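Coordinates in review
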Amino acid sequence: MAEQTPESVAAPSVTVRPARTADVRTIRSLVAPLAERRVLLQKEAVAYYESVGDFTVAEVGGRVVGCGALHVLWEDLGEVRTLAVDDSVLGQGVGSALLARLVERARLLGLSRLFCLTFETAFFGRHGFEPIDGQAVEPAVYAELLRSYDEGVAEFLDLERVKPNTLGNTRMLRVL
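Conventions adopted
- Residues numbered from 1 in each chain as written.
- Predicted model: local features only at pLDDT ≥ 70, side-chain atom pairs only at ≥ 80, totals over all residues.
- Heavy atoms only, no water.
- Helix = DSSP H or I, 4+ residues; strand = E, 2+ residues; numbered from the N terminus.
- Buried < 20%, exposed > 50% of the residue type's maximum accessible area, 1.4 Å probe, protein only.
- Contact = heavy atoms within 4.5 Å.
- Phe/Tyr/Trp six-rings, centres within 6.5 Å; stacked < 30°, edge-to-face > 60°.
- Pairing = 2+ DSSP bridges.
- Axes fitted to C-alpha atoms, helices over the stretch in contact; angles between N-to-C directions.
- pLDDT = per-residue confidence, 0-100.
- Salt bridge = Lys/Arg side-chain N within 4 Å of Asp/Glu carboxyl O.
- Core = buried A, V, L, I, M, F, W, Y, C linked by side-chain atoms within 4.5 Å.
- Expected span 1.5 Å × (residues − 1).

1. Digging into the overall build of the protein
The number of helices and strands found in the protein is seven helices and seven strands. Counting helices and strands in the order they occur from the N terminus, the protein gives β-α-α-β-β-β-α-β-α-β-α-α-α-β. With 176 residues in all, the protein has 43% of them scored as buried. Once local pairs closer than 6 in sequence are excluded, the contacts in the protein between residues at least 24 apart make up 66%.

Here is the structure:
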């Protein structure tokens, strides 16, 4: 019998679906270790329930092992948020499957650009995201976005008040 190498082991079958309220506890548990390492921000449970419609989850063998959210920022612009994968399935295509579904959803919503704020620049780079400097919106849109109470919008605008939470992150954009 031939020995299997990591390259020859089949990747698990990943099912990607919209999140349900019953998934919120698992989403929070996926985010928790990343929040402890200051890779993602931990939010209150209520924030996850309020945004459950933004979330997509990935299942392997009926168990939720990944999550990600698509949040609309403007007419043509959305943000990929809270992309997290359980350590047990890292490198097995779960994050890519989630991101592909979020991109598909963005296109269905009529978005033409996606933003993310990430430490995982290589991963997002492989998926067509490029680092950005300065503003990715025109001044009139910038002025409108300043009225938002959403912290993700503040991160996108690169406002000083969010700097302590985002030091070291890279702002990236993908044109769809």
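2. Section: the packing of aromatic side chains
In the structure shown here, the tally under the stated rule is three aromatic pairs. With a centroid separation of 5.2 Å and 90° between ring planes, the pair formed by Phe 123 and Phe 124 is classed as edge-to-face. Phe 123 sits in the buried class, given a relative accessible area of 15%. Here Phe 124 falls in the buried class, since its relative accessible area comes to 5%.

3. Overview of the sheet that holds strand S6 (residues 130–131)
On the basis of which strands lie adjacent, the open sheet formed by seven strands has the order S1-S2-S3-S4-S5-S7-S6 and mixed pairing. One side of each edge strand has no neighbouring strand; the edge strands of this open sheet are strand S1 (14–18) and S6. Where strand S4 (residues 77–85) meets strand S5 (residues 113–118), three bridges bridge the pair, whose relative direction is parallel. Each residue of the ladder has a partner; that of Leu 77, found in S5, is Arg 113. Contacting S1, strand S2 (55–60), strand S3 (63–74), S4, S5 and strand S7 (170–175), helix H3 (residues 94–109) runs over the sheet at an angle of about 30° to S3.

4. What to know about the confidence of the model for the protein
In this model, the protein carries an average pLDDT of 84, and 74% of its residues clear a pLDDT of 70 or more. No element of the protein has a lower mean pLDDT than helix H7 (residues 163–166), at 47, and none a higher one than H3, at 98. Segment residues 1–9 is flagged for pLDDT under 50; beyond a separation of four residues in sequence, or across chains, it makes one contact in the model. Throughout residues 161–166 the model reports pLDDT below 50, and contacts reaching past four residues in sequence, or to other chains, amount to 10 contacts.

5. Looking at the pattern of salt bridges
Enumeration over the complete set of coordinates arrives at five salt bridges. Taken together, the shared-partner salt bridges in this structure form one network comprising Arg 17, Asp 23 and Glu 59.

6. A word on the nonpolar core
With 22 residues, the main nonpolar core has Val 80, Val 94, Leu 98, Leu 99, Leu 114, Phe 124 and Phe 129 as its most contacted residues. Of all the secondary structure elements, the ones that give two or more residues to this core are S2, S3, S4, H3, S5 and helix H4 (121–126). No other element matches the six residues that H3 contributes to this core. When residues no more than four places from it in sequence are discounted, the contact partners of Phe 129 are Val 80, Leu 99, Leu 114, Phe 115, Cys 116, Phe 124, Met 172, Leu 173 and Arg 174. Ranked by size, the runner-up nonpolar core spans 16 residues in total, among them Val 24, Phe 55, Val 57 and Cys 67.

7. A closer look at helix H1 (residues 24–36)
For H1, which comprises 13 residues, the first-to-last C-alpha distance of 18 Å matches the rise-based estimate of 18 Å (1.5 Å per residue) to within 8%. Against the buried residues of H1 lie helix H2 (45–50), S2, S3 and S4. Residue Arg 38 follows H1 closely and has a positive phi angle near 60°.

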